[in-house]
Each structure stands twice: as structure tokens, then as C-alpha cells.
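# Reading the structure
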Amino acid sequence: MLLKRGNEYSRVFMADFHKNASGMEYVIGQLSLFELLRALLPNAVNVDMHFSYFSNGNYHFSYKYFDSLEDVYIDHKIFHNHVAIYKGAKPNEMVLHGRRNRVEGNAIDMFMMQHTLPNWDTRPLTHIFGSVGMSFSDEGLNKVTWVSGININIHQDLIIDINDYPAGRVSFGCSIFDLNNPYQDVPLSSPLDVSIVEKRATNGKLAIRMHMITVPD
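Here is a short report on the structure shown in this document.

To continue, consider the nonpolar core. Residues F136 and F172 are the most contacted members of the largest nonpolar core, which totals 50 residues. Of all the elements, strand β5 (residues 44-54) adds the most residues to this core, at 5 residues. With sequence-adjacent residues up to four places away left out, F136 is seen in contact with L3, L141, I160, I162, Y165, P166, A167, G168, V170, F172 and M212.

The following block contains the structure:
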């Protein structure tokens with residue numbers, strides 16, 4: 001999901017289906033909220049923050065970076081019951097360095113789940129990856145990071161031109177559910193003064209839905 005302003009874009013969500021080397025399916029994704037966490041890592045270079053949801057119910061949030069102070073690559077994998085910390089001289093040579101429990105008040109630990117998620121055979125299956133709210137006003141749009149030259153796919157990406165919508169409150173959401181789910185596999189509806197746009201990606205059994213809801217001032 002991308003916001004468009006002239007020739008500039010800002011990514012709100014990214015999520016898609018993948019398979020690992022053993023053939024297990026998983027979803028990997030990013031939220032714009034992750035960008036706000038970079039300030040918590042003052043020595044971090046080449047930061048990569050993402051979530052992974054595997055078909056067996058395993059879920060973790062990962063933030064990887066090169067620590068310029070320690071001169072080492074670090075990967076924190078946040079599972080539902082612990083945080084595993086990997087370190088190494090190269091990104092592909094990191095080994096388990098230790099584990100820790102959740103730290104109350106640690107902003108990054110807020111992405112820790114309380115339990116494992118349902119496996120993908122669960123019916124009905126529903127999980128909300130995240131939601132973000134903002135305002136389509138000058139103040140709100142100035143808080144967004146805009147970039148040019150971004151690669152887009154007009155067939156797969158949900159591209160939202162901010163000039164097509166009036167100033168107002170906006171919320172974005174990203175979720176996964178099984179096809180034919182009676183609670184989720186239906187078009188989103190709204191009152192007449194509320195606009196909703198959505199786009200889906202599917203693996204034939206499940207769908208990832210991204211949507212935007214706007215409420216004019």
C-alpha cells in the first residue's frame with residue numbers, strides 16, 4: 001500500500017506470500033509504524049524491520065541492523081515468549097548470542113505476541129497485522145516520509161493518490177483470512193460519507209487484504 005503525492009510515494013504497508021527452502025509458506029511484511037522505531041537505535045545502520053507469519057502458526061517480529069558502535073550485525077527476533085538475539089561479523093553469519101524475556105516499557109517489545117498464532121488450516125482464520133491512523137491534512141502529510149523513484153506495480157500495489165481524497169481522518173489496515181470466511185471474505189462497506197478502498201493478494205486458500213478508510217472533516 002502506497003500513498004502518492006505527485007511523483008513521490010510513501011509506503012504504508014507491505015505484505016505478501018512466500019515459501020522458504022523447505023517449502024513452508026509464510027507471510028512477510030512491514031508497517032510504516034516501524035519507521036518510528038529507528039530513533040530507538042541511534043547506532044544502527046542498514047535497518048531492516050519486518051514481521052513473519054508462518055503456516056504452522058509461528059510468528060515473529062525481527063529487527064536487523066549493523067551496530068556501528070559494536071561493529072557487529074545484530075538481529076533481534078521477537079517471538080511470543082522470548083526475544084532471541086543473533087550477532088555476527090556478516091549478515092549471513094549470525095549465530096544465537098542469547099535470549100531475554102519481554103522488557104516492559106520497551107517500545108520494540110510491543111510487537112511481541114502473547115501466544116502463537118493459529119496455523120493456516122484453522123477455520124475461520126483471521127489475523128490483523130496492524131492498523132495505522134493519520135490525517136490527510138498538511139500537518140499529517142508532512143509527518144510522512146516521501147521518496148521518489150520507488151518501484152511500483154500498478155496491478156499488485158494499492159496506490160492511493162492523496163489528491164483524490166478530501167482532508168480528513170484516515171485509517172489503514174492489513175489482515176489475513178481464509179477465503180470464504182463468512183466474517184472477512186466480503187467487501188468492506190461504509191456510510192455514504194466514508195470512502196473505503198481495498199486490495200487483496202491470495203495464495204488460493206488465504207487472502208491478505210489492505211484497506212484504507214477515510215472520513216472527511
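Still to come is the rest of the account.
Strand pairing in a sheet is mediated by backbone hydrogen bonds. Such pairs are either parallel or antiparallel. Judged by pairing direction, the sheet is antiparallel, and its 7 strands sit side by side in the order β3-β4-β5-β6-β7-β8-β9 without closing on themselves. Among the strands making up the open sheet, the edge pair consists of β3 (13-19) and β9 (95-100). Taking the axes of each pair of neighbouring strands and ignoring which way they run, one obtains an average angle of 25° across the sheet. Two strands pair when backbone bridges link them, and strand β4 (residues 25-31) and β5 are joined in this way by 4 bridges, in the antiparallel orientation. Within β5, the residue paired with I28 across the bridge is S52.

Let us look at the packing of aromatic side chains. Tallied over the entire structure, the rule returns 11 aromatic pairs. Connected via pairs of aromatic rings, a cluster forms that spans F17, F51, Y53, Y59, W120 and F129.

Turning next to the pattern of salt bridges. In total, this model carries 11 salt bridges according to the counting rule given. Among the ionic pairs, D75 bridges to K77, the shortest N-O distance being 3.0 Å. In this structure, the salt-bridge partner of R209 is E198, at a minimum N-O distance of 3.8 Å. With R209 in strand β15 (residues 206-216) and E198 in strand β14 (residues 195-202), this pair connects stretches of sequence that are 11 residues apart. When its relative accessible area of 4% is taken as the criterion, R209 is described as buried. Among the residues examined, E198 registers a relative accessible area of 27% and is labelled partly exposed. Within the structure, one salt-bridge network assembled from shared partners comprises D185, E198, R200 and R209.

On the basis of which strands lie adjacent, the open sheet formed by 4 strands has the order β10-β13-β15-β14 and antiparallel pairing. Edge strands, defined here as strands with exactly one partner in the open sheet, are β10 (126-135) and β14. Going from strand to strand, the sheet's axes swing by 15° on average, the running direction of each strand aside. Bridge count between β14 and β15: 8 bridges; the pairing is antiparallel. The residue of β15 that forms the bridge with A201 is I208.

Moving on, we get to the pairing of strand β2 (residues 8-11). Here strand β1 (residues 2-5) runs beside β2; their pairing, made up of 4 bridges, is antiparallel. Bridge pairing in β2 places K4 opposite Y9. As defined by bridge partners, β2 adjoins strand β11 (residues 147-148) across 2 bridges and the pair is classed as antiparallel. Of the residues in β11, the one forming a bridge with Y9 is V147.

What follows is about the side chain of T214. Tracing the chain through its elements places T214 in strand β15. Taking relative accessible area as the criterion, T214 reaches 5% and is therefore assigned buried. Ignoring sequence-local partners within four residues, the contact set of T214 consists of Y165, R169, V170, D193, V194 and S195.

With respect to the element layout, G133 can be found in strand β10. On the basis of relative accessibility, which here comes to 57%, the residue G133 falls in the exposed class. As a C-alpha pair, G133 and L33 span 100 residues in sequence and 9.9 Å in three-dimensional space. Each residue touching G133, except ones within four places of it in the same chain, is listed here: V170 and S171.

Cut-off values and rules
- Residues numbered from 1 in each chain as written.
- Predicted model: local features only at pLDDT ≥ 70, side-chain atom pairs only at ≥ 80, totals over all residues.
- Heavy atoms only, no water.
- Core = buried A, V, L, I, M, F, W, Y, C linked by side-chain atoms within 4.5 Å.
- Buried < 20%, exposed > 50% of the residue type's maximum accessible area, 1.4 Å probe, protein only.
- Helix = DSSP H or I, 4+ residues; strand = E, 2+ residues; numbered from the N terminus.
- Contact = heavy atoms within 4.5 Å.
- Pairing = 2+ DSSP bridges.
- Axes fitted to C-alpha atoms, helices over the stretch in contact; angles between N-to-C directions.
- Phe/Tyr/Trp six-rings, centres within 6.5 Å; stacked < 30°, edge-to-face > 60°.
- Salt bridge = Lys/Arg side-chain N within 4 Å of Asp/Glu carboxyl O.

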